[in-house]
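Geometric and topological summary
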Amino acid sequence: MTARLARWSLLLLTIFLLAVWWPLLKDLLFEYRYGKTDLFYSPVIERFVYKELLGEGHQFIYRDQDGTDYDRETFEALIPFIYYKNMELWGRLPLRLAGQTFDKAQIQAERQVLELEPVELPGHAPRIQLFPLLEANPGRARLRFPEDIMRPGDRLTFINSDANRIDPELTRVFTAALTEAGFAWPVQASFGRVSILKAFDAGYFLLDRTGDLFQLRRVDGAPEVTPVPLPDGLAVRHLKVAENKRGDSLGLILSEDDRLFLLAQDEDRRTAAELIPLALPGYDPDTMELKILFNPLYRTAIYSDQREITAVAMDRQFEPIARYSRTMAMAEPRLVDRVWEALVPFSLDLHDPNGRYLRLSLDVHGPLALPAIGVALIIAWLLLWRRGLRLLNIAPSLLLVALTGLYGLIAVALITPETPQGSAGADRRLGRAPVPGQANA
Amino acid sequence: MMLFAIFLKEWLKVRWVWLGLSVLHLGMLLYLYLVLRHQFRVEHSEMIWYWAFELRRLLYEPIQSLPLISGVLIAAAQFGPEMIGGRFRLSLHLPLRGDLLVWSWVAFGALMGAVLALLDALALYWIVGQWFPHEAAVSAVRTALPWLLGGWIGYFGATLALLEPAASRRLIYLGLSAAFLALLFQHRGYQEYDQVLPMLIAIALLFIPAVILPAHRYRHRS
Amino acid sequence: MNAAIRVEHLAHRYGRRFIYQDLSFAVPEGKVVALLGKNGVGKTTLIRLLMGFLRPSAGQCRVLGEPSHALSPATRARIGLLFEGHLAYDFMSIAQIERFYRPFYRRWRRELYYDLVDRLGLSHDHKIGNMSCGQRSQVVLGLIFAQDPDLMILDDYSMGLDAGYRRLFLDYLRRFLDEGGKTVFVTSHVVQDMEALVDEVIFLQRGGAVKQLPLVEFRRQFRCFGFRVDGNAPPQADGLIENVDLHGRAPCLYTFAEPAQLAAHLETHWPQVRLGDEQPLTLEDAFIGLTGKY
């Protein structure tokens, strides 16, 4: 009895491992080379243009939303703010567009990219909740990391990194400053950008117990707290801090109901000002990567999951002008994808494309896998029958193959049933009937 | 009493290997301690904290294969002598159910491994806690949990392969164990197994009933 | 008669090669029975089947009333096994191995173990791995005695033992058997040792033919005669003549028949043969005479 339990444990283990390795193996053997489509809004023709890799090698197409193809140079000239360095090389600067002239310095000053990826969202990746609060006014060109780290909690604890000990004075001062500003403890969430390679430091944004948001900076060693004016009913899910030279925004705020806002900045003080809503239809922050490209004329939000890519072109006030969506070439299933899926009824995905956590997500392949299950069943039956097992004995194994297809077949072939009558079970192979009078079946 | 006798025999077999492993573990942990101490002497502490928290560098990776090695060696010390000259037959003739006997063996082996795993976890917590805040020490232990599970897989994989009489089946068991092990070292940073680990542990428990099969096949070869 | 071991229509094969196809015999309770046979007739396989480490391809193998490959723990406790080469846990000491086995057996007789082992004059923490073959055989025998089994299956106890330790082994075994009620099934390469030990012998021959008879019967009935041949057509084994040996200096033939019966048989079937004198036989001679030299 326990031997049977043992065999079934091994069968399940084998099937589990096969189901996890099946997609990993495909990635290993048939790595996907085609990246995502590059989609832009052309200020020249005021239409969306894109660049896409169609197949192996360098089969790029450069096309606009109406299907007109361009050569590479023409394409790049359609998005001159992106390729402004090429434009300079080709002697096409300053640009003349919409009745305005743009030279290199102007373009550079107006360019900016804001990004938000699913993996950055809270819960999509583990993060030790300790953050360095940089000196916002370092009095020198470069920012530097402080010798203490901030632990948000029932109070704001500072831990000295040299001594690995709490700094009671800093803790008291910063906690008191937040309390004074009306912060309701404990800290629910903290948002900031841990880097010294940035234009300046906007500090941390701390969400309090009641859902209010506070910006905390360390200015000349002292706390500076700025409440962020949230619109009524807005529950903050995430805040992507992105300090930049342009100086009109501090980053992006994502609400619990997946609305996205640009967090404007008070230009003089580098503190948070109002929230500007962005109308991004169909945007799903949990599965889509988002980019907002700034140029002197437009802002373009481009967001995509593994299938669809959408771009919304906006004017300088973030009012939508045009929108375009298309299914990316990479979403077209390849033959190997189809075959791989059809061979097995399901697979388990270990890696989450939208997060750092490993998980086991079941991917059921549906009726496409039925023919392969049928073939697996026949082979399994032949295999077991040749070992001299009767239908009643092999029925559970066959049921397993019916449910798990090729996985089950491989498992049953590797971990064959123990023949209950000893080697007499192999008699069918020898064309001999087992000797009667078995006492031990 | 019987269980005590079984444990006595297993202890006699594994004691030197286990003591050797204990020394190896303590040595590796001491090495880790010294490496970290060295790091904090040559680098600024806030930079190391930045690597650890933001860049997700695992400063305690030197110990990641320690549990695996220990699992395999404990299994080899336990079941190697049983296989030499077919001594396993001596045990199978004892007036005791074979499955209970094998389970008591692996219970003992797992216990020996668990002691080392506990040592690793506690020492890792303590060592990391010397230079990092409490959160980081907890995170280090959670990050090391799949490595500890690797010790379990290594132990049972080696046990299956050693008890198994047929060479081809032995390869299958080793292949399965290797396929499982490879799933446990896919991290690119800390705590990435937090969500999937309970599931992996549940599946790894299948090894407990599974070890009966090679013993059964050894007993009932035809 | 109650049988401690009963083998019926046993067949076993490795791959396609059958070792035996229809083997039957029984070992009566309370008897000492030796299994004799030349190399390669399947003695080891038969012992493995009886010890329960092989499953028969067909037929039955019952030991103390249970199928040999599925013995209950209670029945296993009543069977003492001596494995080929006096297999024991090398990593244990004299005291440790006794301490290990003791809790498994209700009838454990510690004094029998130490009675035997103490004669070796070794300290109790002497490792078995550091012993000679002979010393180890004493330890293993002591363990089997202490177990106080009803049935002992002793596989090639003489392997690796010199004459002294072989004799010692037999002496202790016989003394233990004197207590009565024990069944022993034994194999050995040293046939003459069996003379003073066994009640019955089972000759296993190639292809699975089996001949079982009391040892005294075998010694009384099995005869060897010298002969001469007129011409060059020597007699051959034919049922009445069990075997003809032409390898020795003087040719001889073996039979279970009475001299008169043999003479009549030769007259009719092998008239060219001139029967000589009956030769004295040791048990080993007789064994070889029956099973042949090759």
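Keep in mind that this is a model prediction, so the values were computed, not measured.

Analysis parameters
- Residues numbered from 1 in each chain as written.
- Chains lettered and ligands numbered in written order.
- Predicted model: local features only at pLDDT ≥ 70, side-chain atom pairs only at ≥ 80, totals over all residues.
- Helix = DSSP H or I, 4+ residues; strand = E, 2+ residues; numbered from the N terminus.
- Rg over C-alpha atoms; globule rule 2.2 N^0.38 Å.
- Buried ≥ 20, exposed ≤ 12 C-beta atoms within 10 Å, placed from the backbone.
- Contact = placed C-beta atoms within 7 Å.
- Nonpolar A, V, L, I, M, F, W, Y, C, P; charged D, E, K, R; others polar.
- Core = buried A, V, L, I, M, F, W, Y, C linked by C-beta atoms within 7 Å.
- Axes fitted to C-alpha atoms, helices over the stretch in contact; angles between N-to-C directions.
- Parallel < 35°, antiparallel > 145°, perpendicular 65-115°, else oblique.
- Left-handed = near helix turned anticlockwise from the far one by under 90°.
- Expected span 1.5 Å × (residues − 1).
- Pairing = 2+ DSSP bridges.
- Domains from an automatic or database assignment.
- pLDDT = per-residue confidence, 0-100.
- Bend = angle between axes of the 7 residues up to and from the residue.

1. Structural notes on the overall build of chain A
Looking only at helices and strands, one finds ten helices and 23 strands in chain A. A globule of 441 residues ought to have a C-alpha radius of gyration of about 22 Å, yet chain A, at 31 Å, is considerably larger. By its C-alpha atoms, chain A is 100 × 65 × 40 Å across when sized along the principal axes. Taking all 441 residues of chain A together, the buried fraction comes to 36%.

2. What about the overall build of chain C?
When you go through chain C residue by residue, the secondary structure sums to nine helices and 14 strands. Dimensions of chain C, computed from C-alpha atoms along their principal axes, come out at roughly 70 × 40 × 35 Å. Looking at chain C as a whole, 39% of its 294 residues qualify as buried.

3. A word on the interface of chain A and chain B
At the interface, 39 residues of chain A touch 38 residues of chain B. Looking at the side of chain A that touches chain B, the elements with two or more residues in it are α1 (2-29), β7 (148-152) and β23 (358-364) of chain A. In terms of residue count, α1 of chain A provides more of the side of chain A that touches chain B than any other element does, 14 residues in total. Within the side of chain A that touches chain B, the residues separate by chemical class into 24 nonpolar, eight polar and seven charged.

4. Describing the nonpolar core
Ranked by internal contacts, the top residues of the largest apolar core, which has 162 residues, are A301 of chain A together with A210 and V211 of chain B. When residues of this core are assigned to their parent elements, the largest contribution, 14 residues, is made by helix α6 (residues 134-163) of chain B. Within the second largest apolar cluster, 73 residues are counted, among which are I19, V32, I153 and M194 of chain C.

5. A look at the packing of helix α3 (residues 66-83) of chain B against α6 of chain B
Residue and element names in this part refer to chain B. It is at 7 Å that the axes of α3 and α6 come closest, and there the two elements cross at 20°. For the element pair α3 / α6, the angle class is roughly parallel. Crossing angle aside, the handedness with which α3 passes α6 is right-handed. Along its contact with α3, which presents P67, L68, S70, G71, V72, I74, A75, A76, F79, G80 and M83, the element α6 presents W147, L148, G150, G151, W152, G154, Y155, A158, T159, L162 and L163. Its residues assigned to classes, the contact of α3 with α6 comprises 15 nonpolar, seven polar and no charged.

6. Some remarks on α3 of chain B
Residues and elements named next belong to chain B. End to end, α3 covers 25 Å across 18 residues, agreeing with the expected 26 Å (1.5 Å per residue, within 8%). Counting buried positions over the 18 residues of α3 gives 13, a clear majority of the element. Positive phi appears at G85, one or two residues downstream of α3, with a value of about 65°.

7. So, unusual backbone geometry
Residue and element names in this part refer to chain A. For the peptide bond that leads from L93 to P94, omega is -10°, which places it in the cis range. Residue P186 follows W185 across a cis peptide bond; omega there is -5°. Mapped onto the elements of the fold, P186 is located in the loop between α5 (168-180) and β10 (189-191). The phi dihedral of A98 is positive, around 50°, even though this residue is not glycine. Notably, D220 is not glycine yet its phi reads approximately 50°, a positive angle. Within the secondary structure, D220 is located in the loop between β12 (213-219) and β13 (222-228).

8. Observations regarding the sheet that holds strand β14 (residues 273-279) of chain C
Either a parallel or an antiparallel arrangement is found when strands of a sheet pair, and the pairing is made through backbone hydrogen bonds. All names here are of chain C. Spatially, β12-β13-β11-β14 is the arrangement adopted by the four strands of the open sheet, whose pairing is antiparallel. Of all the strands in the sheet, just β12 (241-245) and β14 have a single pairing partner and so form its edges. For this sheet, the mean angle separating the axes of adjacent strands, direction not counted, is 30°. For β12 and strand β13 (residues 252-255), the ladder comprises four bridges, and the chain directions are antiparallel. Looking at the pairing, I241 lines up with T255 of β13. Against the sheet, helix α9 (residues 283-291) engages β11 (223-229), β12 and β13, with an angle of about 100° to β12.

9. Examining the environment of L253 of chain C
All names here are of chain C. Within the secondary structure, L253 is located in strand β13. For the pair formed by L253 and R78, sequence separation is 175 residues and the distance between their alpha carbons is 44 Å. Ignoring any residue separated from it by four or fewer positions in sequence, one finds L253 in contact with F225, F227, P235, I241, N243 and V244.

10. Quick look at the domain arrangement of chain C
Residue and element names in this part refer to chain C. Segmentation of chain C into domains returns domain 1 (3-217) and domain 2 (222-291). Each of domain 1 and domain 2 has a C-alpha centre, and the two are 35 Å apart. The partner domain 2 presents six residues to the nine residues of domain 1 that form the contact. Taken together, the residues of the side of domain 1 that touches domain 2 break down into four nonpolar, three polar and two charged.

11. Points about the pairing of strand β10 (residues 210-214) of chain C
All names here are of chain C. Pairing geometry for strand β9 (residues 200-204) and β10, over five bridges, is antiparallel. If you follow V201 over to β10, its bridge partner there is L213. Between β9 and β10, which pair antiparallel one after the other, the connecting turn spans five residues, and G207 there sits at a positive phi close to 90°.

12. Concerning the sheet that holds strand β17 (residues 271-278) of chain A
All names here are of chain A. Across the sheet, four strands lie side by side as β14-β15-β16-β17; this open sheet has antiparallel pairing. At either margin of the open sheet sits one strand with a lone partner, and together these are β14 (236-241) and β17. Taking the axes of each pair of neighbouring strands and ignoring which way they run, one obtains an average angle of 30° across the sheet. As paired strands, strand β16 (residues 260-266) and β17 are joined by six bridges and run antiparallel to one another. Residue pairing for β17: Q265 is matched across the bridge by A272.

13. As for the domain arrangement of chain A
Per the domain assignment, the segments making up chain A are domain 1 (2-30 + 338-426), domain 2 (38-106) and domain 3 (112-294). Each of domain 1 of chain A and domain 2 of chain A was reduced to a C-alpha centroid, and the two centroids are 51 Å apart.

14. Some points on the confidence of the model for chain C
All names here are of chain C. The predicted model of chain C has a mean per-residue pLDDT of 89, with 99% of residues at 70 or higher. Confidence, expressed as mean pLDDT per element, reaches its minimum in chain C at α9 with 86 and its maximum at helix α3 (residues 94-101) with 96. Reported confidences for the modelled complex are a pTM of 0.91 and an ipTM of 0.96.

15. Section: the confidence of the model for chain A
Regions with low pLDDT should not have their predicted coordinates read in detail. All names here are of chain A. Here chain A averages 89 in pLDDT, and 93% of its residues register 70 or above. At the low end of the mean pLDDT range in chain A sits helix α10 (residues 427-430), at 40; at the high end sits strand β8 (residues 156-160), at 97. Between residues 421-441, whose pLDDT stays under 50, and residues either more than four places distant or in other chains, the model counts 44 contacts.

16. What to know about the pairing of strand β2 (residues 47-53) of chain A
Residue and element names in this part refer to chain A. Pairing of strand β1 (residues 38-42) with β2, which is carried by five bridges, proceeds in the antiparallel orientation. Counterpart to S42 in the pairing with β2 is R47. Bridge count between β2 and strand β3 (residues 60-64): five bridges; the pairing is antiparallel. Paired with E52 across the two strands is I61, which belongs to β3.

17. Some thoughts on helix α1 (residues 2-42) of chain B
Counted at 1.5 Å a residue, the expected span for α1 of chain B with its 41 residues is 60 Å, and the 56 Å between its end C-alpha atoms agrees. The largest bend in α1 of chain B comes to about 55°, at V14 of chain B. When α1 of chain B is considered as a whole, its buried residues turn out to be I6, K9, E10, K13, V14, W18, L21, H25, L29 and L32 of chain B. Looking at the buried residues of α1 of chain B, the elements they touch are α3 and α5 (98-131) of chain B together with α3 of chain C.

18. Digging into the environment of A95 of chain C
Inspection of the secondary structure puts A95 of chain C in helix α3. As for A95 of chain C and R206 of chain C, which are separated by 111 residues in sequence, their C-alpha atoms are 43 Å apart.

19. Some thoughts on the packing of helix α7 (residues 370-386) of chain A against helix α8 (residues 391-404) of chain A
Residues and elements named next belong to chain A. Contact pair α7 / α8: the axes reach a minimum separation of 9 Å and the direction vectors enclose 155°. Judged on the interaxial angle alone, α8 and α7 are roughly antiparallel. Here α7 and α8 pass one another in a crossing that is right-handed. Contacts from I373, A376, L377, A380, W381 and L384 of α7 reach α8 at I394, S397, L398, V401 and A402. Of the residues belonging to the contact of α7 with α8, the class tally is ten nonpolar, one polar and no charged.

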